[in-house]
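# Remarks on the overall topology
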Amino acid sequence: LALTDLQSEDVVGRGDRLAFEARLTARGEIPATPVTVSLKEKQPDGTLVDRGQTTATPDRSGNPVPVTLAHTPAEPGEKTYVLVTPPAPGELDT
């Protein structure tokens, strides 16, 4: 599974909705079952805090599937966000 073409605003105001759009692509023998895509915020100590999740079903023919997640930051400051999918059965490159 690959998450590509991530797009989001570089700057938003406190209390504004921040949307993340990406494309989920399946390569190889991935079952066409829903996959959870999680939005996480990276903390200064390196831990990841959940900020939302959605599900998307990969296209078996390898066509990208759009994924959208949103978060409303409550605190001002620079933040790092990460989109994550769990490894698919038999997936080697995670």
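As a reminder, the structure under discussion sits directly above these lines.
Now for a look at the structure at hand. (Residues numbered from 1 in each chain as written. Predicted model: local features only at pLDDT ≥ 70, side-chain atom pairs only at ≥ 80, totals over all residues. Heavy atoms only, no water.)

A separate point is the pairing of strand β4 (residues 48-56). The sheet contact formed by strand β3 (residues 35-42) and β4 spans 8 bridges and is antiparallel. Of the residues in β4, the one forming a bridge with Glu 41 is Val 49. Counted between consecutive antiparallel strands, the loop separating β3 from β4 contains 5 residues, among which Gly 46 sits at a positive phi close to 95 degrees. (Pairing = 2+ DSSP bridges. Helix = DSSP H or I, 4+ residues; strand = E, 2+ residues; numbered from the N terminus.)

For the rest of this paragraph, the subject is the sheet that holds strand β1 (residues 2-7). The 3 strands lie next to each other as β1-β2-β5, forming an open sheet whose pairing is antiparallel. Of all strands in the sheet, those bounded by a partner on one side alone are β1 and β5 (65-71). Taken pair by pair, the neighbouring strands of this sheet meet at an average axis angle of 30 degrees, ignoring direction. Looking at chain direction, strand β2 (residues 18-25) and β5 are connected through 7 bridges and run antiparallel. Within β5, the position partnered with Arg 23 by the bridge is Pro 66. (Axes fitted to C-alpha atoms, helices over the stretch in contact; angles between N-to-C directions.)

Here we come to the pattern of salt bridges. Scanning all chains against the criterion turns up 3 salt bridges. For Arg 23, the salt bridge identified is with Asp 5, shortest N-O distance 3.3 Å. Within this pair, whereas Arg 23 is found in strand β2, its partner Asp 5 is found in strand β1, the two being separated by 18 residues in sequence. Take Arg 23: its relative accessible area is 38%, and that puts it in the partly exposed class. Glu 41 is paired through a salt bridge with Arg 51; the nearest N and O atoms lie 2.8 Å apart. Of this pair, Glu 41 sits in strand β3 while Arg 51 sits in strand β4, and the two are 10 residues apart along the sequence. The buried category is assigned to Glu 41, whose relative accessible area is 9%. (Salt bridge = Lys/Arg side-chain N within 4 Å of Asp/Glu carboxyl O. Buried < 20%, exposed > 50% of the residue type's maximum accessible area, 1.4 Å probe, protein only.)

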